[in-house]
Amino acid sequence: MKIADAMTKSIDTITGGSSITDAARKMRDMGTGFLPVTDAHQERLIGVTTDRDMVIRCLAEGKDPSHTPVQQAMSEKVLYCFANDELDAAAQSMADQQVYRLVVLDSPESKRLSGIITVGDIRRHGDEAAAERAAERIADAA
């Protein structure tokens, strides 16, 4: 099965200039702990941020989340795969990189944000063994 068939397609993003508070509220409202971060025009992916990023790089440093831009707490290294990749390749990549989710880009040529794929998505869409192997390797490394 292709990643495009299992990924979450309706994803929200946040701009790098938005405040940490805005990102936290968006995560709360969406029920997630992860947001792709875009430039001011929402045309280009510039990073990703997690609830953990915001705690470690903002709150723990004593910064005011209402005045700290997301760009100061985000991870610039975006771990990704492509929509036409196979699910087992995504699971292997997650295990290798020790992450539970990957950004999905449409193609190597245009690299536009298409969705997010998680270990849970892989499990729900039929490759339970690959998802389990990935989750075990990630947990073992923690």
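One can find the structure itself at the top, above this paragraph.
Cut-offs and rules
Per chain, the residues get numbers from 1 upward, laid out in the order the sequence is written. Side-chain atom pairs in this predicted model are given and counted only at pLDDT of 80 or more, local residue features only at pLDDT of at least 70, and totals for whole chains, interfaces and linings cover all residues. The side-chain numbers reported here are obtained from all heavy atoms of the structure, hydrogens and water having been left aside. In this text, helices come from DSSP runs of H or I with a minimum length of four residues, and strands from runs of E with a minimum of two, each type numbered from the N-terminal end. It is over C-alpha atoms that the radius of gyration is taken, and the globule rule equals 2.2 Å times the number of residues to the power 0.38. The cut-offs for exposure are 20% and 50% of the maximum accessible area for each residue type, with area from a 1.4 Å probe on protein chains only; residues under the lower value are buried, those over the upper are exposed, and the others partly exposed. The contact criterion used throughout is that any non-hydrogen atoms of two residues lie within 4.5 Å. Each accessible area value is a Shrake-Rupley result obtained with a 1.4 Å probe; residue values ignore everything except the protein chains displayed when judging cover. Two residue types count as positive, namely Lys and Arg, and two as negative, namely Asp and Glu; His and chain ends fall outside the count. The atoms used to mark charge sites are NZ of Lys, CZ of Arg, CG of Asp and CD of Glu. Paired strands are those between which DSSP finds at least two bridges. Axis definition: a line fit to C-alpha positions, over the contact stretch in the case of helices; interaxial angles, taken between N-to-C directions, run 0 to 180 degrees. Residues enter patches when they are more than 30% accessible in relative terms and free of salt bridges; like-charged ones are connected within 9 Å and nonpolar ones (Val, Leu, Ile, Met, Phe, Trp, Tyr) within 5 Å. Only one rule defines a salt bridge in this text: a Lys or Arg side-chain nitrogen within 4 Å of an Asp or Glu carboxyl oxygen.

### Description of the overall build of the chain
Here comes step 1: Of the regular secondary structure elements, the chain holds five helices and six strands.
Here comes step 2: Taken over C-alpha atoms, the radius of gyration comes to 15 Å for the chain, in line with the 14 Å a tight globule of 142 residues would show.
Here comes step 3: Each principal axis of the C-alpha distribution contributes one length, and for the chain these read about 45 × 35 × 25 Å.
Here comes step 4: Buried positions account for 43% of the 142 residues belonging to the chain.
Here comes step 5: Contacts in the chain between residues far apart in sequence, at least 24 positions, make up 56% of those at least 6 positions apart.
Here comes step 6: When the accessible surface of the chain is split by element, carbon and sulfur atoms take 46% of a total near 7900 Å².
Here comes step 7: Taking the 17 positively charged and 23 negatively charged side chains of the chain as two groups, their mean positions are separated by 2 Å.

### A few points about the sheet that holds strand 4 (residues 80-82)
Here comes step 1: Overall, mixed pairing links the three strands, which are arranged 4-5-6 in an open sheet. The strands lining the two open edges of the sheet, one partner per strand, are strand 4 and strand 6 (113-118). Direction aside, neighbouring strands of the sheet carry axes that sit 35 degrees apart on average.
Here comes step 2: Packed on one face of the sheet, helix 3 (residues 87-97) meets strand 5 (101-105) and strand 6 and runs near 130 degrees to strand 5.

### Brief notes about helix 3
Here comes step 1: Among the residues of helix 3, Leu87, Ala90, Ala91, Ser93, Met94 and Ala95 are the ones counted as buried.
Here comes step 2: Backbone geometry just downstream of helix 3 places Gln98 in the positive-phi region, at approximately 60 degrees.

### Describing a nonpolar patch on the surface
Here comes step 1: Residues Val55, Ile56 and Leu59 make up a contiguous nonpolar surface patch of about 250 Å² in total accessible area.
Here comes step 2: With respect to the element layout, Val55 can be found in helix 2 (residues 51-59).

### Description of the sheet that holds strand 1 (residues 14-15)
Here comes step 1: Read across the open sheet, the three strands follow the order 1-2-3; overall the sheet is mixed. On the outer flanks of this sheet lie strand 1 and strand 3 (45-50), each paired with one strand and no other.
Here comes step 2: With two bridges joining them, strand 1 and strand 2 (residues 34-38) adopt parallel strand pairing. Paired with Thr15 across the bridge in strand 2 is Thr38.
Here comes step 3: Lying on the sheet, helix 1 (residues 20-30) is in contact with strand 1, strand 2 and strand 3; it crosses strand 2 at an angle near 135 degrees.

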